[in-house]
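Residue strings, one per chain:
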Amino acid sequence: MTTTTDPSTPRNVNWAILGTGSIANDMVQILHQLPNTTVLAIGSRSPSSAQLFGSKWNIPRRLSYQEACSDPDVDVVYIATPSMRHPDDCRMALQHRKAILCEKTMAPDPMMARQILDAAKHANRLCVHGVWSRFFPVMTKIRQIIRSGEIGEVRSARASFCQNDGAGACSALAETGIYCAQFLQWVLGDEQCGDERNADKQGKGVGPVVRGATQTLHESGFDEHVTAIIEFPGKKIGTFECSRAHTSERSAAVYGTLGVIDVPFPFWCSTKAKVTKMTGLGSQQWSEPQVYEFPLPSEIVPLSTSDKDGGKCHTPGFNFVNSQGLAYEAAEVNRCLREGLIETPFFSTAQCIEVLQIISDIREYASKGMC
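Residues numbered from 1 in each chain as written. Predicted model: local features only at pLDDT ≥ 70, side-chain atom pairs only at ≥ 80, totals over all residues. Heavy atoms only, no water.

Engineer: What is the right way to look at the layout of surface pockets in this model?
Structural biologist: Remark: the empty space left among the atoms is shown by a probe the size of a water molecule rolled over them. Its boundaries defined by the atoms lining it, the largest pocket holds a volume of some 1300 Å³. Ser 83, Lys 104, Thr 105, Cys 170 and Glu 175 are the residues nearest the centre of the largest pocket, which is lined by 43 residues in total. Looking at the lining of the largest pocket, the elements that each hand over two or more residues are α1 (22-31), α4 (86-95), α7 (172-188) and α9 (349-369). Broken down by element, the residue count for the lining of the largest pocket peaks at 5 residues, all from α7. In terms of residue class, the lining of the largest pocket is built from 21 nonpolar, 15 polar and 7 charged. Quantified by volume, the second largest pocket comes out at close to 250 Å³. Lining the second largest pocket are 11 residues, and of these Arg 143, Trp 186, Glu 191, Pro 345 and Gln 351 sit closest to its centre. With 3 residues, helix α6 (residues 137-148) is the single largest residue contributor to the lining of the second largest pocket. Here the residues of the lining of the second largest pocket are counted per class, giving 4 nonpolar, 4 polar and 3 charged. (1 Å grid on protein atoms, 1.4 Å probe; cavity = no way out; pocket = protein on both sides within 12 Å on 5 of 7 lines; lining within 4 Å. Points joined across faces, edges and corners; volume = space filled by probe spheres on them. Helix = DSSP H or I, 4+ residues; strand = E, 2+ residues; numbered from the N terminus. Nonpolar A, V, L, I, M, F, W, Y, C, P; charged D, E, K, R; others polar.)

In structure tokens, the structure reads:
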């Protein structure tokens, strides 16, 4: 492992990336621009893909998945492989005692996620589920607004993530619904949520309970459109809709007794939140909205590739909206590793399991409704 002899300088963190797809192309540009961070290795199923990606992004070690995870100089493995591989790739990295940042979804169900997280705890290694929304500054601000009582007592929230892209290729609930579920948990759930949840399906348990759900299935068998109603502790109600077959404004909102927090597109990686107070008869006296803005890190920019195209450097840019914000979760992984933490407070083991349990419960409820 790489260390530093200067106590005033954070230790360098060496990363390996598994996978060469779109999100890996975005993350590698982020990691190259973080201080005291080195992208040391790229792992791929195909030697030619590893060679191409490594040459493109100036990564010195071009390896297989196994070789990248076993490299003694690697500190963190970023798992950006196809999601069906995530559990096995997490286990492989942990077997070699690496810290992990795993792209969503970490596992297909909460039980398998629990096994991975328990293995990380047993190995005393950091394991972060890369639901990147949690690390954006606006999410912290939303929590602060709720705690302050600025919009009164929070009673409900909603989230919508519908896009006409890839219906039938995978589950909309797993792909976009997880962002809705994590948002509702963040604004409605118990901030100190424990591991025991849903012990009483009549609503007396400590965790969220799915009260309604419906789904439309694609001919492939995957859900393409899902809606859900979830009751959180304190009789708070969360609703969401996700789809890969049609569009929505992809926003979210939190509703209190004295006002509303609006989070505009793209709510899962937003840079702003708007607070509007609503008081008086019929809640018809609206205050001038207060907008809180958190620009993306200006020091993070699209990088040029190291290979040449017609004698000119090529700058492909980022593949996803607000990908510069990946810097927030990557920097948090670096911080946790340097401080010897095995989980992040922004998305703890308990919170991760609870979100995946919500997804699982919605799927079960919606499936029964189709019988």
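Engineer: Would you mind showing me how to read the state of the cysteines here?
Structural biologist: Disulfides are covalent bonds that link the sulfur atoms of two cysteine residues. According to the stated counting rule, one finds 0 disulfides in the structure shown. Free of any disulfide, Cys 102 has its nearest cysteine sulfur in Cys 90, 3.7 Å distant. Residue Cys 102 is classed as buried on the basis of its relative accessible area of 0%. Free cysteine Cys 162: the closest other cysteine sulfur is in Cys 242, separated by 6.8 Å. (Disulfide = S-S within 2.5 Å. Buried < 20%, exposed > 50% of the residue type's maximum accessible area, 1.4 Å probe, protein only.)

Read these as geometric descriptors, not functional statements.
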